[in-house]
Amino acid sequence: MKIFIDTADTAELEAAFATGLVDGVTTNPSLIAKSGRDFKEVTKEICSMTDGPVSAEVASTDYKIMVKEGRVLADLASNVVVKLPLTVDGLKACQDLTEDGINTNVTLCFTANQAWLAAKAGATYISPFIGRLDDLGMDGMELIGDIRALYDAHGYETEILAASIRSTAHVQDAAITGADVATIPPKVFNQLFGHPLTEKGLDAFVKDWASTGQSIL
Ligand code: E4P
């Protein structure tokens, strides 16, 4: 499963990229607003930090304007993926941009039917929102499994990008359930590395090695 980082904060991205484990980035209008940065400027900067895909979301909800916005965003850098909402207009824009050879990420997906329509529209990625379903007492991970089954049954190549991830358990379960990508907030990404027993065990190994007085180098 590929790892994308879900932020528009370039300092957080720099730290995440330094691990060598990150494949791409997703942003959305809320994350851009949180960054306090100019949208095009920060998007270009993020795109220059990686060769991987960087999702940048259109602002309009109107089909024709979304297509125009999508083309402007795609011109910012070769690795921009245009993010579109899962609406009739968004899926029409997805078809036009796909015909132009532009990669797309259809976002705000909450049912397998919506994911099916996005695949038919040629979406490169579909973004089912796990956490927001869980917040309503529903099972976001069940949606990932349903989309996986539907796409596999019909041979759709749209990649399942598990979004709205709230915990390390979400990441693990998304991988096991068959998501192609998880887009992970920096805080959760950092939590993936740790375990108290890893730290405790390493402390003991370091201490015991020092007691030998030996050196490998
Ligand atoms: C990613 O593409 C989404 O915009 C993001 O994961 C949404 O997460 P949230 O539900 O925590 O806002």
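Refer to the structure above for everything that follows.
Just so you know, these numbers come straight off a predicted model, no measurement behind them.

K.L.:
Any details on the overall build of the protein chain? Residues and values, ideally.
P.N.:
Helix and strand counts for the protein chain come out as eleven helices and eight strands. Reported as C-alpha extents along the three principal axes, the dimensions of the protein chain are approximately 70 × 40 × 30 Å. In the protein chain, which comprises 217 residues, the proportion classed as buried is 45%. Between the averaged position of the 17 positive side-chain charges in the protein chain and that of its 30 negative side-chain charges there is a distance of 4 Å.

K.L.:
Summarise the pairing of strand β5 (residues 104-109); cite the residues concerned and give the values.
P.N.:
Across a regular strand the side chains alternate sides, sitting on one face of the sheet and then on the other. Counting buried positions along β5 gives five out of six residues, so the element sits mostly inside the fold. Pairing between strand β4 (residues 80-85) and β5: four bridges, direction parallel. If you follow K83 over to β5, its bridge partner there is N105. Chirality of the crossover, the property in question, places the unit of β4, helix α5 (residues 88-99) and β5 among those that are right-handed.

K.L.:
Which residues make up the side chain of H170, and what values do they have?
P.N.:
Inspection of the secondary structure assignment puts H170 in helix α9 (residues 168-177). Here R166 takes part through its backbone nitrogen, which lies 3.0 Å from a polar atom of the side chain of H170.

K.L.:
Could you give an account of α9, with specific residues and numbers?
P.N.:
Restricting attention to buried positions, one finds in α9 the residues H170, V171 and A174. The buried residues of α9 occupy one face: seen down the axis, they fall within an arc of 100°. Exposed side of α9, more than 90 degrees from the buried face: Q172 and I176 are the residues found there. Buried-residue contacts for α9 involve α7 (130-135), α8 (140-154), β7 (159-162), β8 (181-184) and α10 (186-191). Of the residues flanking the end of α9, it is G178, one or two places downstream, whose phi is positive at about 110°.

K.L.:
Break down the site of the ligand for me, citing the residues and quoting the values.
P.N.:
All residues adjacent to the ligand are D6, T26, N28, K83, F129, R132, A163, S164, R166 and T183. One of the side-chain N or O atoms of R132 is found 2.7 Å from an oxygen atom in the ligand. R166 has a polar side-chain atom sitting 2.7 Å from an oxygen atom of the ligand. In the complex, the protein chains occlude 83% of the 340 Å² of accessible area that the ligand would expose alone. Tallied by class, residues from the shell around the ligand come to two nonpolar, four polar and four charged.

K.L.:
Please give an account of the environment of A179 that cites residues and values.
P.N.:
Within the secondary structure, A179 sits in the loop between α9 and β8. Residues A179 and P29, spaced 150 residues apart in sequence, show a C-alpha to C-alpha distance of 24 Å. Leave out the neighbours within four places in its chain, and A179 touches M1, I144, I160, A162 and A174.

K.L.:
Before we move on, could you go through a nonpolar patch on the surface and cite the residues and values that matter?
P.N.:
Residues L21, L192 and F193 make up a contiguous nonpolar surface patch of roughly 270 Å² in combined accessible area. As for its position among the elements, L192 is in the loop between α10 and α11 (196-212).

K.L.:
Got a sec to walk through the environment of T87? Specific residues and values, please.
P.N.:
For T87, the location among the structural elements is in the loop between β4 and α5. The spacing of T87 and T107 is 20 residues in sequence and 9.4 Å in space, taken between C-alpha atoms.

K.L.:
Outline the state of the cysteines, supporting the account with residue identities and numerical values.
P.N.:
The tally for this structure, following the rule as stated, stands at zero disulfides. The cysteine C94 is free of any disulfide, with C109 supplying the nearest cysteine sulfur at 12 Å. On the basis of relative accessible area, C94 is assigned to the buried category, the value being 0%.

K.L.:
Can you explain the packing of aromatic side chains? Please cite residues and give values.
P.N.:
All chains considered together, the criterion is met by four aromatic pairs. When the ring of F189 is compared with that of F193, the centres are 5.2 Å apart and the planes differ by 85°; the resulting orientation is edge-to-face. A residue is classified by how much of its surface remains accessible, and F189, at 1% relative accessible area, is buried. Assessed through its relative accessible area of 47%, F193 is described here as partly exposed.

K.L.:
Mind laying out the sheet that holds strand β2 (residues 24-26), listing which residues take part and the relevant values?
P.N.:
One closed barrel accounts for eight strands, arranged β1-β2-β3-β4-β5-β6-β7-β8; its pairing is parallel. The mean inter-strand angle of the sheet, taken between neighbouring strand axes irrespective of direction, is 30°. As defined by bridge partners, β2 adjoins strand β3 (residues 54-57) across two bridges and the pair is classed as parallel. Note that in β3 the partner of V25 across the bridge is V54. Across the sheet, helix α3 (residues 39-49) lies against β2, β3 and β4, angled at about 170° from β3, the strand it touches most.

The rules we used
Residues numbered from 1 in each chain as written. Predicted model: local features only at pLDDT ≥ 70, side-chain atom pairs only at ≥ 80, totals over all residues. Heavy atoms only, no water. Helix = DSSP H or I, 4+ residues; strand = E, 2+ residues; numbered from the N terminus. Buried < 20%, exposed > 50% of the residue type's maximum accessible area, 1.4 Å probe, protein only. Lys, Arg positive; Asp, Glu negative; His and termini not counted. Charge placed at Lys NZ, Arg CZ, Asp CG, Glu CD. Pairing = 2+ DSSP bridges. Right-handed = clockwise from strand over helix to strand, strands pointing away. Polar contact = N/O pair within 3.5 Å; in protein donor to acceptor, adjacent residues only side chain to side chain. Arc of directions from axis to C-beta. Contact = heavy atoms within 4.5 Å. Near = heavy atom within 4 Å. Areas by Shrake-Rupley, 256 points an atom, 1.4 Å probe, with all protein chains shown as cover. Nonpolar A, V, L, I, M, F, W, Y, C, P; charged D, E, K, R; others polar. Patch = residues over 30% accessible without salt bridge, like charges linked within 9 Å, V, L, I, M, F, W, Y side chains within 5 Å. Salt bridge = Lys/Arg side-chain N within 4 Å of Asp/Glu carboxyl O. Disulfide = S-S within 2.5 Å. Phe/Tyr/Trp six-rings, centres within 6.5 Å; stacked < 30°, edge-to-face > 60°. Axes fitted to C-alpha atoms, helices over the stretch in contact; angles between N-to-C directions.

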